[in-house]
Amino acid sequence: AQSVAQPEDQVNVAEGNPLTVKCTYSVSGNPYLFWYVQYPNRGLQFLLKYITGDNLVKGSYGFEAEFNKSQTSFHLKKPSALVSDSALYFCAVRDINTNAGKSTFGDGTTLTVKP
Amino acid sequence: DSGVTQTPKHLITATGQRVTLRCSPRSGDLSVYWYQQSLDQGLQFLIQYYNGEERAKGNILERFSAQQFPDLHSELNLSSLELGDSALYFCASSVATSGTGELFFGEGSRLTVL
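The paragraphs below set out a description of the structure included in this document. Given the structure is predicted, the values throughout are model-derived calculations rather than measurements. (Residues numbered from 1 in each chain as written. Chains lettered and ligands numbered in written order. Predicted model: local features only at pLDDT ≥ 70, side-chain atom pairs only at ≥ 80, totals over all residues. Heavy atoms only, no water.)

1. Notes on unusual backbone geometry
Note: most residues except glycine have negative phi, and most peptide bonds are trans.
And then number 1: In this structure, Pro8(B) follows Thr7(B) across a cis peptide bond, with omega equal to -10 degrees.
And then number 2: Along the polypeptide, Pro8(B) turns up in the loop between strand 1 (5-7) and strand 2 (10-13).
And then number 3: Located in the positive-phi region is Tyr61(A), a residue other than glycine, with phi close to 55 degrees. (Helix = DSSP H or I, 4+ residues; strand = E, 2+ residues; numbered from the N terminus.)

2. Looking at the state of the cysteines
Residues and elements named next belong to chain A.
And then number 1: Per the counting criterion, the structure on display carries 2 disulfides over all chains.
And then number 2: Bridging Cys23 to Cys91, the disulfide has an S-S length of 2.0 Å. Here the disulfide of Cys23 and Cys91 is left-handed, its torsion about the S-S bond being about -60 degrees. In this pair, Cys23 is assigned in the loop between strand 3 (19-21) and strand 4 (24-26) and Cys91 in strand 10 (residues 87-95), connecting sequence segments 68 residues apart. (Disulfide = S-S within 2.5 Å.)

3. Remarks on the side chain of Glu102(B)
And then number 1: Within the secondary structure, Glu102(B) sits in the loop between strand 9 (87-94) and strand 10 (104-105).
And then number 2: Side-chain polar atoms of Glu102(B) contact the side chain of Lys49(A), separated by 2.8 Å. (Polar contact = N/O pair within 3.5 Å; in protein donor to acceptor, adjacent residues only side chain to side chain.)

4. Regarding the pattern of salt bridges
All names here are of chain B.
And then number 1: For the structure on display, the rule yields 8 salt bridges over all chains.
And then number 2: Between Arg22 and Glu75 there is a salt bridge, with its nearest N and O atoms 3.9 Å apart. With Arg22 in strand 3 (residues 19-24) and Glu75 in strand 8 (residues 74-78), the pair connects residues that are 53 residues apart, well separated along the chain.
And then number 3: Of the charged contacts in the structure, one is a salt bridge between Arg63 and Asp85, with a shortest N-O distance of 2.8 Å. With Arg63 in the loop between strand 6 (53-57) and strand 7 (64-68) and Asp85 in the loop between strand 8 and strand 9, the pair connects residues that are 22 residues apart, well separated along the chain.
And then number 4: With a relative accessible area of 3%, Asp85 lands in the buried category.
And then number 5: Where salt bridges share partners, they join Arg63, Glu82 and Asp85 into one cluster. (Salt bridge = Lys/Arg side-chain N within 4 Å of Asp/Glu carboxyl O. Buried < 20%, exposed > 50% of the residue type's maximum accessible area, 1.4 Å probe, protein only.)

What follows is the structure, encoded as structure tokens:
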């Protein structure tokens, strides 16, 4: 079985400050890891993914995430937050050993960036 | 624009009724996924199809069914609707089923059961 935990329901940061949205995962094999963002009344949009290789992954809109196998984490980061980054963020995992492409999503973290 | 089209965007119906949600995947994507998003249960995987065949099943109720047609569009059928079925239903597509590809989500179909 695969699962994802996003320990914070809400993250608040000031504009211009760095932000971190946390994610930990559990899979039986090796993981494929993803971050998605959802703006109000919209579908989820892909931000970045880790499949293999470099543990630091760079994605859209200046976001990056670091894969840490020993801590089973994949935290989303951005050096300088923008008000427009305010949205709901989802971490997702797929087990590399499963035949199907089913992704399991965390419960989401609401990021609020204040001016 | 993700390229995934879902209809209808909004749907209001009564308990006991049946509805069909439709999804057209991105051009070239063979896999279609259905997810249910509700306030109390987050984003729940329902079912996946790949090139017309069911590939994976999640927390899909027996009252719900889905299929993917030869033109790759998919339909999710919800029957004997209950108040608790009110939710946002998302369709997503990806190129393959290998697991490495990201999902492209539609805007969702918001179902309200009264």
